[in-house]
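Each chain, written out:
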Amino acid sequence: MSLFAQRLISKNACYWQCRRVFHQRSYGAATLLHATTHNEDVDSSLPSISSSSTPTQMKGAVKKRRTESRDNKKEQPTTPLENGKIQAYLDQVENASITVQDLERFKPARYGTPGTPQYEKDYNSLLDNILRSFSAEQLRHFAKSYNLPSKKRGAKRECAVAIIEDSWKMPSLGDIKKQLRDSSEVAQQEFLLDPSQCFLLLGKDGSDLLQLSSKYNVHVSLSAAPLCLKAEGVRSALEKLAGYITHFKEDIDIKLFDIDNVKNISIELLHHVSRKSGAFIQYNNERKLCITYRKSDPSALSAAKRLLTMAVAEQTVSSHLYYKLAEAGEPEAPLGALKRSYALYPFILPYTHPRHSTTISKFRIRNVKASGAPDTEAGGLLGETNNVTDAITQRICDVKDALLDALQADNTLSGSTRIIRAIPGHFLWVYPGDNASMTPVLAGASPFEKVAKWISDHRASGFFFSSSPTQVLSIPPKRQKILRRLTYKSSLSEPTSGSQIMVFEIILASKSYPSTEVPAIKDILTSEHDLLKPFCHIDSESVMDVMLPDRAMDIRFSVTDSVSLSRPKWPAKLEEYYNQLETFLSGSGEVHQPEIPLKFRHNDIDFILQSTDNVRQSMKSVQGDANVTRFDAVTENITSTEDDESSILCQVGPIAIPFGYSNQILN
């Protein structure tokens, strides 16, 4: 071996020996420091380690320390924190009981505004803290302490939510999210209805349905197949609307209406009464009238009964029909002697009445004149013959004889006064069916005999429509009255042939004026003669209508036997109604407007309500032409209290004749 190799081996051996000594000294110092830190006594018998110790000595000392250290570790406890403060606290918590006060520490003093993201964050954080801190059994115990219902003591999360929302009164996060969703999401919903429910929901002229749409801020429409109400809007609005519809259906009630001759009321007239009263009226399977109304609106039921009663009474109005054509020179000229042409002209009513509420076109028979031809006064009743022709029998008779025939009717009211009135107007024809066209069914101009035959063959129905001449309306009145008038008609079931009418009038105001002064309505109501003056009288009336096709207007003659009733002879129901009305108008006491009697019995005769009107009556003096002197006329502006519809009645006369003297005066 060379010298270089020997030196290299000696140097490496010295390096590793020095490194081994360094590590041994470092481990001994660390062991001593660890023992001192844990308050352990260092064994004085341990061999000291110094720089002068040999490697063999140091190795033996380290091995001995390791052996002793392993023995000491076996004798130490397994949990080093057993005697520390942390373990003592945990033991105390484990042995302590949990109370509601521990839960109340989680209750927040403040939180975000409901509906905002901050509130959702605070709510979820609180719920998570409670769920992590308490067991399900502890939360159920807390729920019982808060007296929460047993159904809310189920799952752990359900108990925590119930404590937060029901006990701590925090707004429900689920409800808030639902409200936000309902207020933003648009949906559609359908509500099934029957015809009566649909009518009541619409209200008069559909006004209630419009208010419903505005109130709940939804778009509504009706569908016919099936009949239902369609609504579109946000979910919250639809839920409120659904609640209203449910309450609306529960508020509906049905009443049967029974009165004589009620089965003869037309379907069209029932629809008119339904619209005016606000109650739905229809026939059931037994042909009885059913009135469907809302229990919260009993006035609709009362109005429907009054209008139905009036409709039945209106059907009893009948008259003898005559016509008067222009004179042909001979008193009894045949029907076709005059070569004149006549036609059915459309006529539009200026106002409506329950009996004339039909939308079917009306026609009046008029003379067909050449274009630009002047109006003539032919065909009037001031000629020398005064002949009229019966429209049914075609019998020609004098107008006085026709009136005498009407006067000889079965009217036996003793002590009565006979009154004759002339009422101008128009006699109109209605062709049966649903013809709403302005084109007449009998087209073109024809001789009157052909028109009369068509009327007879086709059973066209007619009625007299009262109106006033323009020249009479423009005349200022001499005297005016404000009246409340109730008219009752004898029932159809009575065996007597002549119908009787009972008229009950209350004069609310009366005042006279100079002939040049036109009064205002407020002047009449504030006059010094304002007194509740009641009058009651029974009338037996006969009516004859005379068509004047060659004139602008037709005429009706009314012959009435009238008997005045003193107050002790009034029907009991009218006496009660007047007393209540007097108290109501005087303003004394808390009295509602009295109900109008629908029917009553007087002198073994049943009377039913025919009309209830407010009347403005004007008495005027009319200057006639060369053949007629000045005469008196009475115009009445009549407003129905049931449907607020107005009409005008003009009466020439009346001529009052004591009973038994009528024949002498007419002759």
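Colleague: I would appreciate a short explanation of a nonpolar patch on the surface in the present structure.
Modeller: On the surface, Ile86, Tyr89 and Leu90 cluster together into a nonpolar patch covering about 340 Å² of accessible area. For Tyr89, the position within the fold is in helix H3 (residues 85-95).

Colleague: Would you take a moment to explain the nonpolar core for this structure?
Modeller: Looking at soluble globular proteins, one finds that nonpolar side chains tend to be buried together. Within the largest apolar cluster, 40 residues are counted, with the highest numbers of intra-cluster contacts made by Ile265, Leu308, Tyr488, Met502 and Phe504. With nine residues, helix H13 (residues 298-314) is the single largest residue contributor to this core. With residues up to four places along the chain from it excluded, the contact list for Met502 reads Leu486, Thr487, Tyr488, Cys536, His537, Ile538, Leu565, Pro571, Leu574, Phe600, His602 and Phe607. Residues Tyr323, Phe448, Val451 and Val615 belong to the second largest nonpolar core, which totals 23 residues.

Colleague: How do you make sense of the sheet that holds strand E3 (residues 227-234) when you look at a structure like this?
Modeller: The strands that make up a sheet pair up through hydrogen bonds in the backbone, lying either parallel or antiparallel. With antiparallel pairing, three strands are arranged side by side in an open sheet as E1-E3-E2. Both edges of this open sheet fall to strand E1 (186-192) and strand E2 (219-224), since each of them pairs with a single strand only. Sheet twist, expressed as the mean angle between neighbouring strand axes with direction ignored, is 20°. Inspection of the sheet shows E1 paired to E3 by seven bridges, in the antiparallel sense. When the bridges of E3 are listed, Gln189 appears paired with Ala231.

Colleague: Even after reading the chapter, I still don't get helix H10 (residues 207-216), so can you show me in this structure?
Modeller: Because each turn of an α-helix spans 3.6 residues, side chains separated by three or four positions end up pointing in the same direction. Every buried residue of H10 is listed here: Leu209, Leu212, Ser213 and Tyr216. Take H10 and look down its axis: the buried residues cluster within an arc of 95°, on one side only. Away from its buried face by more than 90 degrees, H10 exposes Leu210, Gln211, Ser214 and Lys215. Buried residues in H10 make contact with helix H9 (195-202), E2, E3 and helix H11 (235-250). One or two residues past the end of H10 sits Asn217, with phi positive at roughly 55°.

Thresholds applied
Residues numbered from 1 in each chain as written. Predicted model: local features only at pLDDT ≥ 70, side-chain atom pairs only at ≥ 80, totals over all residues. Heavy atoms only, no water. Patch = residues over 30% accessible without salt bridge, like charges linked within 9 Å, V, L, I, M, F, W, Y side chains within 5 Å. Areas by Shrake-Rupley, 256 points an atom, 1.4 Å probe, with all protein chains shown as cover. Salt bridge = Lys/Arg side-chain N within 4 Å of Asp/Glu carboxyl O. Helix = DSSP H or I, 4+ residues; strand = E, 2+ residues; numbered from the N terminus. Core = buried A, V, L, I, M, F, W, Y, C linked by side-chain atoms within 4.5 Å. Buried < 20%, exposed > 50% of the residue type's maximum accessible area, 1.4 Å probe, protein only. Contact = heavy atoms within 4.5 Å. Pairing = 2+ DSSP bridges. Axes fitted to C-alpha atoms, helices over the stretch in contact; angles between N-to-C directions. Arc of directions from axis to C-beta.

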